[in-house]
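# Coordinates in review
For reference, the chains in residue letters:
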Amino acid sequence: MLSGLMMNYQLTIDRILEHGNRLYPYKQVKTKLPDGTLHKYSYRDLFRRVKRLCNVLEGLGVQPGDRVGTFAWNNSQHVELYFAVPGAGAVVHTLNIRLFTDQLSYIINHAEDKVIFIDATLLPLIEGLADRIGGVEHFVLFNVPHGGIETKLLGRVHDYETLMAAADEEYTWRVEGENQAMGLCYTSGTTGHPKGSLYSHRSMYLHTVGSCQAAAVGVTENDVVMPVVPQFHAMAWGLPYAAVNVGADLVLPGPHMQPSALAEMIETERVTVAAGVPTIWNGMYHDLKQNPRDISCIRALVVGGSAMPRSLIEAYEKELHVNVVHAWGMTEMSPLGTVSKLLTHHMDRPQDQQWDVKARQGYPISGVEMRIVNEEGRELPWDGTTMGELQVRGPWVARAYYRLDGGDDSFTEDGWFRTGDVVTITEDGFMTITDRTKDLVKSGGEWISSVELENLLMAHPQVLEAAVIAVPHERWQERPLAVVVPTLASEPPRAVELRRFLEPQVASWWLPDDFLLTDQIPKTGTGKFDKKVLRERYART
Ligand code: ADP
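Right, let's walk through the structure included here. (Residues numbered from 1 in each chain as written. Predicted model: local features only at pLDDT ≥ 70, side-chain atom pairs only at ≥ 80, totals over all residues. Heavy atoms only, no water.)

## A closer look at the sheet that holds strand E8 (residues 181-186)
- Read from one edge to the other, the open sheet built from seven strands follows the order E7-E6-E5-E3-E4-E8-E9, with strand pairing classed as mixed. Each having just a single partner strand, strand E7 (156-159) and strand E9 (196-200) make up the two edges of the open sheet. Looking at each pair of strands side by side, their axes are set apart by 20° on average, direction ignored.
- In this structure, E8 lies alongside E9, joined through five bridges in antiparallel fashion. Paired with Tyr-186 across the strands is Gly-196, a residue of E9. (Pairing = 2+ DSSP bridges. Helix = DSSP H or I, 4+ residues; strand = E, 2+ residues; numbered from the N terminus. Axes fitted to C-alpha atoms, helices over the stretch in contact; angles between N-to-C directions.)

Encoded structure:
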């Protein structure tokens, strides 16, 4: 092989911050503080504070390779940690604040977090497991109210701003190379024990460049980016890195995650790219009906994590003049895999068909390869109808889980990651999620897509949310059962009406055997319908 003669330039996260600071030092990071006021500073301030924070980390004894936990909402300190921990050669481990204490203590101990940075507004949640995480050497609190705070935490507790004020602003990055680990995220454990994806500088750098492609999320300097997706959910889908990389302003909602607060921030800060799970945008849509605001400044409402119902995409575009970009990804993929943007050959199709395209999970962005396989592992055609398990590979896809004891069948022998999603892919590369393997309803040897039924049901005007699960059935093995939350503004729908609504849209054997009304669907730590809980509640024989 004749080798190329180009530099072996290391793709590391400090390069992104250096670039952002050099070109866009005046761009801003804005955070809504717990008291509701807006905190602002520039990228230059961010850069300086990151360097200080690196010195703070060294002062606490953090060595390259150590894991440093974060337990926080989306805010400026959390962004500082996103850059400083990798800059100091360590691994930023974002802890999901919505997990149960058992899972949290498992994850903290499994990762062996040496220090945990805590948003003081969340302190009681960590205090509740203090006696189970004895290995943590330091706790550092930010957003501490004036007058200080009492805490039951064992070990050494510090105040972030006090440490920062005492730290030096000079610092030489301790990044040793692009393959060094920089981030750690556990999946929320919808499928058993949480499993950790350990990102490298290289994988996160390439993910950043990948997501900034025009054919992907395509963030630019003109944008004002608001990650509503929490920073503890798959690195806020990489948006803090993407924003700094291209010089977009960053707007962070802090603990103010209520629909009306989000809509207000979007309107007043003229947000152009906002990203979150469907539950968030569903809530905001219904809230906007009661309390109208102009959110048409958004040029891309990025939505992923679970399927965005087509009806909601249509409503956002038609009623609120907001372009929806449906995306799919996984924690194991850093997380971006696909986006659904119209291609030239979709442009002359009727509007209705364009929404059909946008409701798909989309095409793989450059850097991600996909294939679908059957149960024997044989590759299946991209014809828009053949369903199979989706497998992926690429430079920002995990090749193993972090310190996983025992075997794991998530990775194939020929180097692909098994997503556990059942999908179809059209000839032109648009993927549609039918289900997660374990959520499919297997009725009489055929598959019924719970996701499709849910999306159809959520288009009913009296339905706020709908989840479909498999319940055991003597003759058909499994049958679908729908659990439905009615909208507050209307009479609850009757089962017979919902059935009639679905009848013209699906095969008769797909129709759920029953429709149960409830006031809330349980959610996982990442805002998805918690079908495990639903199955426990409703699917007993
Ligand atoms: P967890 O496994 O903890 O829920 P992830 O956020 O990594 O964590 O979940 C990834 C899964 O979420 C995917 O495998 C897929 O099932 C689902 N998902 C992500 N985006 C979408 C989407 N746009 N539509 C449907 N499902 C999605």
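## A short note on the sheet that holds strand E17 (residues 369-373)
- The strand order E17-E18-E19-E20 describes an open sheet built from four strands, whose pairing is antiparallel. Across the chains shown, the open sheet's two edge strands, defined by having one partner strand only, are E17 and strand E20 (431-436). Between one strand axis and the next, the sheet turns through 50° on average, direction left out of account.
- For strand E19 (residues 417-425) and E20, the ladder comprises five bridges, and the chain directions are antiparallel. What sits directly across from Asp-421, in E20, is Arg-436.

## Remarks on the packing of aromatic side chains
- Under the defined criterion, the tally for this structure stands at eleven aromatic pairs.
- With centroids separated by 5.3 Å and ring planes inclined at 65°, the aromatic side chains of Phe-142 and Tyr-160 adopt a geometry described as edge-to-face. A residue pair is termed long-range when its members are at least 10 positions apart, and Phe-142 in strand E6 (residues 138-142) and Tyr-160 in helix H6 (residues 160-166) qualify at 18 residues. Assigned by exposure class, Phe-142 and Tyr-160 land together as buried.
- Seen in terms of ring centroids, Trp-509 and Trp-510 are 6.2 Å apart; in terms of plane orientation they differ by 75°. Their pairing is edge-to-face.
- Residue classification places Trp-510 among the buried positions, given a relative accessible area of 11%.
- Through successive ring pairs, a cluster of aromatic residues spans Phe-47, Tyr-171 and Trp-173.
- In this structure, Lys-51 packs its charged tip against the face of Trp-173, placed 4.7 Å from the ring centre. (Phe/Tyr/Trp six-rings, centres within 6.5 Å; stacked < 30°, edge-to-face > 60°. Buried < 20%, exposed > 50% of the residue type's maximum accessible area, 1.4 Å probe, protein only. Lys NZ or Arg CZ within 6 Å of the ring centre and 35° of its normal.)

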